[in-house]
Amino acid sequence: PEALLKELADLKAHGGKIAFMMAGNPQYYVDGAGHFNLSMWKARVDRYKGLDFSSYVSDGTIFAHYMIDEPNDPANWNGVPVPPSVLEEMGKYSKQLWPTMPTAVRVEPSYLDSNPQYIDVAWAQYVGRRGNADDYLRRNVADAQARGLGLVVGLNLLKGGAPNGTPMTPSEVESYGSALLSSTYPCAFISFQYDVAYLTSSGMGSAMDSLRKLAENRS
């Protein structure tokens, strides 16, 4: 928290935007059994209650409170996924503290309640084993629209290549990314993971430039 306001000022000066993850690494909010603990998560979020970063929410520098990563994956929570009802409780708590800050969960919209009240944005990160990228996008856009949610899309660059989770090739990055950016519905494109050697490898700069141009033409 002590570094936040300076980082936000620097980010804004460079024209950047963030999905702001207050809770950080899950190691800080799992109990002794390795299961998600809502009270521990709230305590992590509470560290930011004394800071006034409202102007960065208003101007869009912070476009969402990124509350949790892959709550649906049992492997992250020692076999017990975080249910949609608990995700709603997390969103409600965030809204009590920062009513105007959108809430986001990195999970596909189909995992969430059919009518979420306190979650604003779902997140669909594509990997090659998901099948056709255009079909994947259409399904997730439809699921998000049905729930009244915004949708972040992106690529798992280092483990999303088809079919076996290898790093994506430049042609895969351009093809999959272009498919995800073909719709006007998604509100952001965020990929994982930032790796200098990978992103500066042969052909990757051109592929990323192509996606950047598509993204720049979006509101």
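Since we're looking at a predicted model, the values are computed, not measured.

About the criteria used
Residues numbered from 1 in each chain as written. Predicted model: local features only at pLDDT ≥ 70, side-chain atom pairs only at ≥ 80, totals over all residues. Heavy atoms only, no water. Salt bridge = Lys/Arg side-chain N within 4 Å of Asp/Glu carboxyl O. Helix = DSSP H or I, 4+ residues; strand = E, 2+ residues; numbered from the N terminus. Buried < 20%, exposed > 50% of the residue type's maximum accessible area, 1.4 Å probe, protein only. Core = buried A, V, L, I, M, F, W, Y, C linked by side-chain atoms within 4.5 Å. Contact = heavy atoms within 4.5 Å. Phe/Tyr/Trp six-rings, centres within 6.5 Å; stacked < 30°, edge-to-face > 60°.

Colleague: Go over the pattern of salt bridges with me, naming the residues and quoting the values.
Modeller: Here the idea is simple: oppositely charged side chains can pair when their charged atoms come close. On inspection of all chains with the given rule, the structure shows 9 salt bridges. Of the charged contacts in the structure, one is a salt bridge between Arg 106 and Glu 70, with a shortest N-O distance of 3.0 Å. Of the two residues, Arg 106 is situated in strand 3 (residues 103-106) and Glu 70 in the loop between strand 2 (62-69) and helix 4 (84-97); the sequence distance between them amounts to 36 residues. Overall, the relative accessible area of 13% leaves Arg 106 in the buried class. Salt-bridge contacts for Glu 216 lead to Arg 212; the nearest nitrogen and oxygen are separated by 3.9 Å. Linking Glu 216 with Arg 212, this pair stays in helix 8 (residues 204-216), spanning 4 residues, or about one helical turn. Judged by its relative accessible area of 45%, Arg 212 is partly exposed. Each of the salt bridges in this network shares a partner with another, and the network as a whole consists of Asp 69, Glu 70 and Arg 106.

Colleague: Give me the nonpolar core: which residues, what numbers.
Modeller: With 52 residues, the main nonpolar core has Trp 41, Phe 53, Leu 155 and Val 173 as its most contacted residues. Take this core: its biggest share by element is 5 residues, from helix 5 (residues 133-147). Beyond its immediate stretch of four places on either side in the chain, Trp 41 contacts Ala 23, Tyr 29, Phe 36, His 65, Met 67, Met 90 and Tyr 93. One finds Ala 64, Val 121, Val 152 and Ala 188 within the second-largest nonpolar core, a separate group that totals 7 residues.

Colleague: Quick one: what's the story with the packing of aromatic side chains, residue by residue and with numbers?
Modeller: Geometrically, a pair of aromatic rings is defined through the distance of the ring centres and the angle of the planes. Following the criterion strictly, the structure yields 9 aromatic pairs and no others. Residues Phe 20 and Phe 53 carry aromatic rings whose centres are separated by 5.8 Å and whose planes lie at 85° to one another, so their mutual orientation is edge-to-face. Of this pair, Phe 20 sits in strand 1 (residues 18-20) while Phe 53 sits in the loop between helix 2 (38-46) and helix 3 (54-58); the two residues are 33 residues apart in sequence, bridging distant segments of the chain. Here Phe 20 matches Phe 53 in class, with each residue buried. For Phe 53, a relative accessible area of 1% translates into the label buried. Three or more aromatic residues link up through ring pairs in this structure, and these residues are Phe 20, Tyr 48, Phe 53 and Trp 98.

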